[in-house]
Amino acid sequence: MSRAERPVLLVGGVPGNTAEEVYQTVAPILGDLAIGLTDGETGLRRMWVFYVFTRTWLNHPDLEVTKRVQSPPPEFPPWIPKELHEWIPVNYDDFPWVAVRQGVAELSPIETLGYPAEAKASYDIFCRLRHEGVIPEGVRFQQSLPFPDDAVRLFAGTAADMAIMVDAYVDVMQRDVAEVCRLIPHDDLVLQWDVNWETIALEYGDHLPGVAPMQFKPHGDAMQRYRHYLLELNAGIPDQVGVGLHLCYGDMHHKHFKDPNDLSTSVNMTNEAVAVSPRSIDFVQMSVPRHRDDDAFFEPLRDLRTDNTTIYAGLIHYTDGVEGSIKRLQAFKRYYDGPAGVSTECGLGRRPADQDLIKLLQIHHDVAAAI
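All of the points below concern the structure found in this document. Residue indices begin from 1 for each chain and proceed along its sequence in written order. It should be noted that, the model being predicted, local features are given only for residues of pLDDT at least 70 and side-chain atom pairs only at 80 or more, the latter also being counted only at that level, while totals for whole chains, interfaces and linings use all residues. Side-chain numbers come from the whole structure's heavy atoms, not from hydrogens or water.

## Description of the side chain of Thr310
Going by this rule: What counts as a helix is a DSSP run of H or I of at least four residues, what counts as a strand is a run of E of at least two, and both are numbered from the N terminus. Partly exposed residues are those whose accessible area sits between 20% and 50% of the maximum for their type, while under 20% is buried and over 50% is exposed, using a 1.4 Å probe and protein chains only. The contact criterion used throughout is that any non-hydrogen atoms of two residues lie within 4.5 Å.
Looking at the secondary structure, you find Thr310 in strand 9 (residues 310-316). Thr310 gets classed as buried once you look at its relative accessible area, which sits at 11%. Here Thr310 is in contact with Ala4, Asp282, Phe283, Val284, Pro339, Ala340 and Gly341, once residues within four sequence places are set aside.

Next up, the structure:
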């Protein structure tokens, strides 16, 4: 195994109220190690695809609400506006759904999802702090974006609705990505695709009757959809921009929807991405549950077919710290000898309040030194 030039990936969300607060916290510990610095996904982006729901689906003139939240959480953090409290569920079964209005075959175009403006505001802070010496030279600005199934499937009640909404999402995301690449210098940017429900569909089947959000079978084949998204969304991204995939298994209330059985799904998805993407895949992040340091879990890595793609093993866990994470790293190293780095399984932003962020960042630092 060779240690990547930038051996740490910050998957996405980081606890903090502002981008500046996040950068000031993370940069002194991981600024020389991270492939990119995320702004922490503050505000409503902290709730990941609920940012898309509240900004886009809830207000789209061609959509109507067909299912409302029955049991919202008893308490809400202060950064969630009061007018949105009625839309926040406590579990997957209770997510709100929208449907395409009768007679609509194609959604009217969406101007933007909002990501370019968020990215530009955070990048301006990033540049100022780099000029002041807080952020070191060499680390890039990282923008994470949800893949189409993730932004749609949770909020659609039928396969037909999902297909129409996905088409509109792909269209606007292509334009949002082009705008982000226009606003931020290509050699200063990392784009990470968050790939959640595509991953679960390929691991456990595209239809789990009675289990939201897998209660219906979407149109087409799960791998076909994944290929389509790679082809459509990576086309046109300049080669100088770093592009990667976070292969996720869900993290609602800091708990996986389902754990991976082993790394075979992640390996298959990586091989497919490298084969079909119209531009290079610079990195892929793979989830490693805390209890998996056995050979059976890591053995599928022998089937990886990549050249220079860095594999970030999501094996860092706060609960067993450096010792447990290095134990998982040793198992990973037995089956993979390419460029490698480490990360947590999912974002850092929705962790229990008793987990100290500085300690978690230091675990990243210490485990990276063991690669």
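## Regarding helix 3 (residues 115-131)
Inclusion rule: Given a helix with a known number of residues, its expected span is that number minus one, times 1.5 Å. It is the directions from the helix axis to the C-beta atoms that the arc portrays.
For helix 3, with 17 residues, the first-to-last C-alpha span of 24 Å sits near the 24 Å given by 1.5 Å per residue. Tyr115, Pro116, Ala119, Ser122, Tyr123, Phe126, Leu129 and Arg130 are the residues of helix 3 that are buried. Burial along helix 3 is one-sided: seen end-on, the buried residues are contained in an arc of 145°. Along helix 3, exposed side chains directed more than 90 degrees from the buried face belong to Ala117 and His131. Buried-residue contacts for helix 3 involve helix 1 (19-30), strand 2 (36-38), helix 2 (50-55), strand 5 (140-146) and helix 5 (159-183). In the segment just after helix 3, Gly133 is the residue with positive phi, at about 90°.

## A look at the pairing of strand 7 (residues 242-247)
If a strand is regular, its side chains alternate between the two faces of the sheet. Test applied: Only when DSSP finds a minimum of two bridges between them are two strands counted as paired.
Of all six residues that make up strand 7, six are buried, and the element is covered over most of its length. Burial along strand 7 is two-sided: Gly242, Gly244 and His246 facing one way and Val243, Leu245 and Leu247 facing the other are all buried. Pairing of strand 7 with strand 8 (residues 283-287) involves four bridges; the strand directions are parallel. Residue pairing for strand 8: Leu245 is matched across the bridge by Val284.

## Things to note about the layout of surface pockets
For the record, the criterion: For each structure, a 1 Å grid was placed over the protein atoms alone; sets of points admitting a 1.4 Å probe that cannot get out are labelled cavities, open sets with protein on both sides within 12 Å along at least five of seven lines are labelled pockets, and lining residues have an atom within 4 Å of a point. Grid points are joined across faces, edges and corners, and a volume is the space filled by probe spheres set on the points. Residues were grouped as follows: Ala, Val, Leu, Ile, Met, Phe, Trp, Tyr, Cys and Pro as nonpolar; Asp, Glu, Lys and Arg as charged; and all remaining residues, including Gly, as polar.
Its boundaries defined by the atoms lining it, the second largest pocket holds a volume of some 460 Å³. Around the second largest pocket sit 22 residues that line it, and Ile35, Asp282, Phe283, Asn308 and Thr310 are the ones nearest its centre. For the lining of the second largest pocket, the secondary structure elements donating two or more residues are strand 1 (2-8) and strand 9. At three residues, the largest contribution of residues to the lining of the second largest pocket is made by strand 1. Looking at the lining of the second largest pocket residue by residue, the classes come out as eight nonpolar, seven polar and seven charged.

## Thoughts on the sheet that holds strand 9
For the record, the criterion: Lines are fitted to the C-alpha atoms to define the axes, a helix being fitted only along its stretch in contact, and any angle between axes, read from their N-to-C directions, falls within 0 to 180 degrees.
Taken together, the eight strands give an open sheet; going across it, the order is 1-10-9-8-7-6-5-2, and neighbouring strands pair in parallel fashion. A strand with exactly one partner marks an edge of an open sheet, and here the two such strands are strand 1 and strand 2. Put simply, the sheet's adjacent strands are angled 30° from each other on average, direction ignored. Note: strand 5 against strand 6 (residues 189-195), six bridges, orientation parallel.

## Some points on unusual backbone geometry
With an omega of 5°, the peptide bond running from Ala212 to Pro213 counts as cis. Mapped onto the elements, Pro213 comes out in the loop between helix 6 (197-204) and helix 7 (222-234). The phi angle at Glu41 is positive, at roughly 55°, despite the residue not being glycine. Within the secondary structure, Glu41 sits in the loop between strand 2 and helix 2. In this structure, Trp48 takes a positive phi of about 55° despite not being glycine. The class of Trp48 is buried, set by a relative accessible area of 17%.

## So, empty space enclosed by the protein
Within this structure, the stated rule accounts for one cavity of 30 Å³ or more. Here the largest cavity is characterised by a volume of approximately 70 Å³. Lining the largest cavity are Glu41, Arg45, Trp48, Tyr51, Tyr115, Gln143, Ser144, Leu145, Pro146 and Asp194. With four residues, strand 5 is the single largest residue contributor to the lining of the largest cavity. When grouped by side-chain class, the residues that make up the lining of the largest cavity number five nonpolar, two polar and three charged.

That's the geometry; what it means functionally is another story.
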